Each structure stands twice: as C-alpha cells, then as structure tokens.
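# Descriptive structure summary
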Amino acid sequence: MRSFAQELGRRLRRPGRWTLRARLVVAAVALTAVALVLSNVVGLSLLRNYLVARLDDQLDATASPATTGLVMLPEQGLPFPMSGSTEKGRIQIQVSEKEIVQQMIGDRRFYLFTSDGKLAAEIRGALPNRPELGSFDEIQRGKPYTVPGTDGPSWRVKAMELPGGEIVVVAASLAEIEATQRWLMAIDAAVMAVVLLLLGLAAAALVRLGMRPLTRMEETAAQITEGDFSRRVPETAPHTEPGRLGVAMNVMLDRVESEIAARIESEARMRRFLADASHELRTPLTSVQGFAELYRRGGTPPGPPMDETMRRIEDEATRMGLLVNDLLVLAHLDEERPLDTHPVDLLEIAVETVRDARARLPERRIRLTGLGSALSPVMVLGDDARLRQVAANLVTNALVHTPPDAEITVRVGAGRATASPAAAVGDATHQLMGVLEVCDTGPGIPEDHAPRVFERLYRVSQSRSRAEGGAGLGLAIVAGIVRAHDGRVELATSQGDGATSQGDGATSREDVGTSREDHATSQGDLASSREDVATSQREGAVFRVLLPLVDSEVPPR
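Per chain, the residues get numbers from 1 upward, laid out in the order the sequence is written. Only residues with pLDDT of 70 or above have their local features reported here, since the model is predicted, and side-chain atom pairs are shown and tallied only from 80 upward, although totals for entire chains, interfaces and linings are computed over all residues. To obtain the side-chain values, all non-hydrogen atoms of the structure were included, while hydrogens and water were left out.

## Details of the overall build of the chain
- Only DSSP runs of H or I with at least four residues qualify as helices, and only runs of E with at least two residues qualify as strands; both kinds are numbered from the N terminus onward. Counting its regular elements, the chain contains 12 helices and 17 strands.
- Counting every position in the chain, which comprises 557 residues, the buried fraction comes to 36%.
- Look at the contacts in the chain between residues 6 or more apart in sequence, and 70% of them connect residues 24 or more apart.
- Computed with a 1.4 Å probe, the accessible areas rest on the Shrake-Rupley method; for each residue, only the protein chains presented here act as cover. About 31,800 Å² of surface is accessible on the chain, with carbon and sulfur atoms providing 56% of the total. Buried residues are those whose accessible area, probed at 1.4 Å on protein chains only, stays under 20% of the maximum for their type, while exposed residues exceed 50% and partly exposed ones sit between those limits. Throughout, a contact is declared for two residues whenever any of their heavy atoms are within 4.5 Å.

## Some words on the pairing of strand β7 (residues 155-161)
- Across the seven residues of β7, five count as buried, placing the element largely inside the fold.
- For two strands to be treated as a pair, DSSP must find no fewer than two bridges joining them. Bridge count between strand β6 (residues 145-147) and β7: three bridges; the pairing is antiparallel. The residue of β7 that forms the bridge with T146 is R156.
- Of the strand pairs in this sheet, β7 and strand β8 (residues 167-173) are connected by seven bridges, and their pairing is antiparallel. By the bridge assignment for β8, E161 is matched with I167.
- The antiparallel pairing of β7 with β8 creates a hairpin that spans five residues between the two strands, and G165 there sits at a positive phi of about 95°.

## Remarks on the packing of aromatic side chains
- Here the aromatic set is Phe, Tyr and Trp, taking the six-membered ring for Trp, and pairing holds for ring centres within 6.5 Å; pairs whose planes are under 30 degrees apart are stacked, those over 60 apart are edge-to-face, and all others are tilted. Evaluation of the coordinates by the stated rule reveals three aromatic pairs.
- Ring geometry for F113 against F136: centres 5.8 Å apart, planes inclined by 55°, an arrangement best described as tilted. Placement of the pair is F113 in strand β4 (residues 108-113) and F136 in the loop between β5 (119-123) and β6, with a sequence separation of 23 residues.
- Accessibility expressed as a relative area gives 10% for F113, which makes it buried.
- For F136, a relative accessible area of 18% puts it in the buried group.
- An aromatic cluster is defined as three or more aromatic residues linked by ring pairs; in this entry it consists of Y111, F113 and F136.
- Definition used: whenever NZ (Lys) or CZ (Arg) falls within 6 Å of the ring centre and also within 35 degrees of the ring normal, the charge is taken to sit over that ring. Over the ring of F136 we find R141; its NZ or CZ atom is 4.8 Å from the centre of that ring.

## A word on a nonpolar patch on the surface
- A contiguous nonpolar patch, built from L20, L24, L214 and L245 and spanning about 320 Å² of accessible area, is present on the exposed surface.
- Position of L24 relative to the elements: it lies in helix α2 (residues 20-68).
- Here L24 falls in the partly exposed class, since its relative accessible area comes to 38%. Candidate patch residues must exceed 30% relative accessible area and have no salt bridge, after which like charges are joined if within 9 Å and Val, Leu, Ile, Met, Phe, Trp or Tyr side chains if within 5 Å. Definition used for salt bridges: Asp or Glu carboxyl oxygen within 4 Å of a side-chain nitrogen of Lys or Arg.

## Comments concerning the pairing of strand β12 (residues 407-415)
- Within β12, eight of the nine residues are buried, which leaves it mostly tucked inside the rest of the structure.
- Where strand β10 (residues 365-370) and β12 come together, six bridges link them in parallel fashion. Residue pairing across strands places R367 opposite T409, the latter belonging to β12.

## Observations regarding the layout of surface pockets
- The method works on a 1 Å grid over the protein atoms by themselves. A cavity is a set of points holding a 1.4 Å probe that cannot get out, a pocket is an open set with protein on both sides within 12 Å along at least five of seven lines, and residues with an atom within 4 Å of a point line them. Grid points are joined across faces, edges and corners, and a volume is the space filled by probe spheres set on the points. Of the pockets and cavities examined, the second largest pocket occupies roughly 440 Å³.
- Lining the second largest pocket are 19 residues; nearest its centre among them are R269, M270, F273, E455 and R456.
- Contributing elements (two or more residues each) for the lining of the second largest pocket: α6 (241-296), α7 (304-334) and α10 (474-484).
- Along the lines of polarity and charge, the residues of the lining of the second largest pocket split into nine nonpolar, two polar and eight charged. Note that Gly is not counted as nonpolar here; it falls among the polar residues with everything else outside the nonpolar set of Ala, Val, Leu, Ile, Met, Phe, Trp, Tyr, Cys and Pro and the charged set of Asp, Glu, Lys and Arg.

## Some details on the side chain of E178
- Relative to the assigned elements, E178 resides in helix α4 (residues 175-210).
- Any N or O atom pair separated by 3.5 Å or less is treated as a polar contact, with the protein-specific requirement of one donor-capable and one acceptor-capable atom, and with residues adjacent in sequence counted only for side-chain atom pairs. Reaching out from E178, the side chain makes a polar contact with the backbone nitrogen of S154 at a distance of 3.5 Å.
- Every residue in contact with E178, bar those within four places of it in the chain, is listed here: R48, P153 and S154.

## Examining the pattern of salt bridges
- One pass over the full model with this rule turns up 13 salt bridges.
- A salt bridge links E407 to R365, with the shortest nitrogen-to-oxygen separation between them at 2.8 Å. With E407 in strand β12 and R365 in strand β10, the pair connects residues that are 42 residues apart, well separated along the chain.
- The salt bridge partner of E490 is R488, with a shortest N-O separation of 2.7 Å.
- Linked through salt bridges whose partners overlap, the residues forming this network are E348, E352, D384 and R388.

## What about the environment of L368?
- Its location among the elements puts L368 in strand β10.
- Placed 13 residues apart in sequence, L368 and R355 show a C-alpha to C-alpha distance of 9.7 Å.

## Points about α7
- One less than the residue count of a helix, multiplied by 1.5 Å, gives the span that helix is expected to have. Along its 31 residues, α7 runs 45 Å from first to last C-alpha, staying within 8% of the 45 Å computed at 1.5 Å per residue.
- Within the sequence span of α7, burial applies to M306, T309, I313, E316, M320, L323, V329, L330 and L333.
- Phi for E336, located one or two positions after α7, is positive at around 55°.

## Description of unusual backbone geometry
- Backbone geometry places D486, a non-glycine residue, at a positive phi of 60°.
- Among the secondary structure elements, D486 is positioned in the loop between α10 and β15 (488-493).

## Notes on the packing of helix α9 (residues 384-400) against α10
- Relative orientation of the contacting elements α9 and α10 amounts to 150°, with a least axis distance of 9 Å. Our classification of the angle between α9 and α10 gives roughly antiparallel. As α9 packs across α10, the resulting crossing turns out to be left-handed. Taking contact as the criterion, the partners of R386, Q389, V390, N393, L394 and N397 in α9 are, on α10, G474, L475, I477, V478, I481 and V482.
- Residues that form the contact of α9 with α10 fall into these classes: seven nonpolar, four polar and one charged. In this analysis an axis means a line fitted to C-alpha atoms, helices contributing only their contacting stretch, and an angle means the value between N-to-C directions, from 0 to 180 degrees. Small angles under 35 degrees read as roughly parallel and large ones over 145 as roughly antiparallel, with 65 to 115 read as roughly perpendicular and the rest as oblique. Should the near helix be turned anticlockwise from the far one by less than a right angle, the crossing is termed left-handed; should it be turned clockwise, right-handed.

## What about the environment of L59?
- When you line up the elements, L59 lands in helix α2.
- When its relative accessible area of 0% is taken as the criterion, L59 is described as buried.
- Other than its neighbours up to four places away in sequence, L59 contacts R108, R156, V157, K158, V170, A171 and A172.

Structure (structure tokens):
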C-alpha cells in the first residue's frame, strides 16, 4: 500500500508523465469542478443578497415606528376599537414608548443615543453576541449596513434619527443567514463531490472507449517493431479522427512494407549481381593466369603451341574487356547521364543492323519486314548510337540463343503497348509509338525465366541452345537504354515456338504475325521470297521496343 501511495504521489507530482487517457479524464473533471464551484459561488452570493435584502426590509419595518411613534395596523379585524386617522384602509394610531420597545424585542437589539452621542438605552435580545457599532460618529444614518459581531455572526444595522435629534439603532443578527449559507455550502460540496466522482468514472469509461482505436494502433505498432510488417490497423469509422489516422497509418505501412520488400529485393539482386560479376570475371582471369603459368613453366615452346596460348590469353582478355565495357555502360545509364537525342530513323538502324548480322553470319536467315504495313521510315527521338546498340544487342541475343536453322525477323513500324507481356520494362502508354521488333523461331523462353530476362547477369537455362555463351548483360543494357529514352521494352514468348523482342511504343501479338512482305534495300541483300515468309509462321520470343515518335515536321539528322 505504501509503495502504491508513493507511486501515485510521484505521478501526481509529475503530470508531464501522465498518459493521454489520464490527462483527458483529469481535464474533464477539473473543468467540471471549476464550473460547479463558480455556479455554487454565484448561487450562494445571490441567495445571501436576497436574504439580506429581506432582512433590510424587516429592519425598515422595525425602525419605522421608532422614528415616527406611529404603528400602521389593518382597519379590519382589530380586537378593540381605536381612535386615530385612517389612510387607505389602514388606521394610524398613537402608541406608547413601551409598545415601541415591544415591537423591537426579539433576536434584535435596540440602541437609543442622545443627540450628543451618549447611549441612553439598550434593549438586548436572546443572543449573547452583539454588534460592534464603533463610535457615535461612525454610525451610518438611514442606510442598512453590516458590522461584525463581538463573538459570533455578523449583524445588520440600520440607524434612524428621531425628530428630537436622538438616534435609534436597530441591529438584526445574520446568524440564520450565515447558518443557511454554511448548510448550503456543505450540501453543494457533497453533491459536487458525488457529481465529480460519477463524472470521473464516466469520463474514464468514455475516454477508454474513444481511445480504443489508438490502443489498437499501439498494439499494431508494437507487433510491427517485433518484425511483423504484415500487421495493419483494424478499420474504424473513416469520418472520425482515429479512423482517418488508422487509414493514413495503413497507407504508410503499405508503402513501408513495399519499400522494405523492394530494398530486400534490391539487396538480393545486388548480391546476385556481385556474385555473377565475380564469377564472370574470375573465369577469364583464371584462364589467363593458367596460360601464363603454363608459359612460365615452359609448357608452351616457341611455335604453334605458344601462338595458341597467346591467342587464348587474348580471347580471354577480350572477353573481360567486353564484360567491363558492358558494366560501364550500365553504370552510366544508372547515373542518368544526358543523352544526345535527336530525330532518328528506326528503319535505317534496322537495315544496317540486319546487314551487319548477315555479314558476320551469312549462313543464318535474317529478314527485315514492315510491322503491319510496307516498310517506311519511322522517326523517333533518341540517341542514335544507343539505339543502334539496342538493335544490335537484340539481334545478337536472337542469333546466340537460337539454333542455326532458326529464322530471325526484324520488323519496323508504329504500334501500341501490349496489354499483358511476359516481361516489360518501362511505363505502358496508350499513345502510338515507334516500334522495333526482333523475333525468332527458336525454342522460346520458359515461363519461370521470362520475367527476369532483363535483369543483369541473368541467364536462361541451357534448354535454349546457343553457339557461344554471353555474360547476361545484353538485355539489361537494352532495358536501361530504352528506359532512359522514356520508352518501353517488352517480351512476348511461347516456349517451344520461338521468341520475339520488340523495341517500340506498343504492338499486339497480331501485329507481330502480320505483314510478311519482303523489303528490298538498295543493296538488294535484304530481299526475301514468298517461300521464306511462309516458312516463318511460328515465333518463339518477340522482343519489342517502343519509343516516342517525332512530329512529322521535325527533319531527321
């Protein structure tokens, strides 16, 4: 009990550490107590003024006969006949000094002072207490006033001057008024204590009920701090303050959870990227180190063996150089360096990309067609060198990851974004955009790998054959460049039916399969026969790049 009292005293001495619930209850009780005290004070003051005014009237009625020597009695109902003048139904009679004294006897006191200030007579009532009138000069004439008593309650005094110059002082005790006031104060205090107690209990219950949503938020926050980020605040009335706070808190928790999930995923991707980059760099470094050690130990004598060793070292160094260059390109894209943008013709880029691919691999079947119509220039706003890299990476990806008998088709035109591609990077818009599409008739990409093909250093399983392995950065570079151009790159794939990659604004699957007409360039090396068109009906992977079109009045550079 003592410890509880000490704790209670400590908390009462330090209101700053009170809970919000306690503060609200104490504030409600305190304001109510102040209101009750003020109302009681005003009520008691008005009651005292009323009772004192009635006592003053009684003093006037008592002092009047003493000053005039006349008593006003009703005309009717007198027990005996009396002589005297009448006035408005009343009889004015002359009374003796003894009768005057009798009118003033009771709980009052009567004083008679001579004109020179001497006390001529004093009639005492039943109360032992008496008023402190002070000196003769301090007595106020005509108006009632209050003086203290010698031992007890105060007195109400009224002094009247007689015709002969004498002073009659009538004093009435305020004992009954003060007793009534004290009794009312006791009643008010008891009632106020009961009211405040009941109010405190009711306020505590209402505050606890009103703060129940905040208590639930507190419990939810405690569970979140323990690591359960899936917890949410129970829904309450949204038109209330706790309800709006709960809605805002749930929105915040959703964003925090998504940010945490994105951060965890980003860290996981970074770890995978570092591991894959380390593995990709370690392989050529190990080869170079092995060949160098073989040469140092004399295992490669001069002649063809040494030439082969040097060639292998050079190939591995070249591979490392390509990997490092690709990583630098991605780093520059991440820095969002400004691009050298100007109107670029996608058809020109596609023609040169197809021609270069045919020159490198003349045995592969590579075609160039229009997207939904005959071939025509498609002007987009972009960096010419970067867009050429996009086209080259897409065509190289198709050549490397498809069998030798697979056909590669490059399409150029205008279209819109696909509704639900297998994978996409960039925002989807409904506006018409320039499209660069690369498709093949290879085995396609498995569904579980398709969403991750644009990740850095990610490789699809070996079920998709390829002549030589890559580092897994080509498509990541394509995605980074297209995103820097405010474009979109999509993948539509059907495992076992080939793959198509598009680099434009948006094109549907029907657009991919239309317009098989051949396009002949000035070189004549891009022409395709109707037989070739008929043999390329099955497409596995389609990569589609969408880029913002340029107004027709903007001249190409």
